[in-house]
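Topology and contacts: notes
Each chain is listed here by its residues.
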Amino acid sequence: ENISGVTPSNYSLEQNYPNPFNPSTTINFSIPEASYVSLKVFNSLGEEIETLIAEELSAGNFKYDWNAINLSSGIYFYKLQADNFIETKKMILLK
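Let me begin by describing the structure that accompanies this report. (Residues numbered from 1 in each chain as written. Predicted model: local features only at pLDDT ≥ 70, side-chain atom pairs only at ≥ 80, totals over all residues. Heavy atoms only, no water.)

**A few points about the nonpolar core**
Within the largest apolar cluster, 22 residues are counted, with the highest numbers of intra-cluster contacts made by Phe-29, Ile-31, Val-37 and Leu-39. Those elements giving two or more residues to this core turn out to be β3 (24-31), β4 (35-43), β5 (48-57), β6 (60-67), β7 (74-82) and β8 (85-93). Those residues in contact with Val-37 that sit more than four places away from it in its chain are Phe-29, Ile-31, Ile-53, Ala-54, Glu-55, Leu-57, Leu-80, Gln-81 and Ala-82. (Core = buried A, V, L, I, M, F, W, Y, C linked by side-chain atoms within 4.5 Å. Buried < 20%, exposed > 50% of the residue type's maximum accessible area, 1.4 Å probe, protein only. Helix = DSSP H or I, 4+ residues; strand = E, 2+ residues; numbered from the N terminus. Contact = heavy atoms within 4.5 Å.)

**A few points about the pattern of salt bridges**
A side chain with one charge can pair with a side chain of the opposite charge if their charged atoms come near. Following the criterion strictly, the structure yields two salt bridges and no others. Taking the shortest distance from any N to any O, the salt bridge between Lys-40 and Glu-48 comes out at 3.5 Å. The exposure class assigned to Lys-40 is partly exposed, which follows from its relative accessible area of 24%. Overall, the relative accessible area of 41% leaves Glu-48 in the partly exposed class. A salt bridge links Lys-89 to Glu-87; the shortest N-O distance between them is 3.4 Å. (Salt bridge = Lys/Arg side-chain N within 4 Å of Asp/Glu carboxyl O.)

**Re the pairing of β4**
Most of β4 sits out of view: seven of its nine residues are buried. The pairing of β4 with β5 spans eight bridges and is antiparallel. Across the sheet, the residue bridging to Ser-38 is Ala-54, located in β5. Between β4 and β5, which follow one another and run antiparallel, lie four residues, and Gly-46 among them has a positive phi close to 85°. (Pairing = 2+ DSSP bridges.)

Taken by themselves, the reported measurements are silent on function.
Written out as structure tokens, the structure is:
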């Protein structure tokens, strides 16, 4: 979901909130130009759990609400890839 009409000046991936979470959390990110965007979640072993976004997005600030109701407590990672930008952050699911 694009949350602002303002075009950001650079790529960014924000820390999810709340963190720790149960069972849903929000991930915010910004892209300064239209690009193919991939947002994926991985478990602590590096195994891909879910692809949240895999599509062409226009420039803007975005938020994604993720529900992990079917997953067990633990540490998870989310990774944003867009053009040459790649960033990974850690999140904790506590049930």
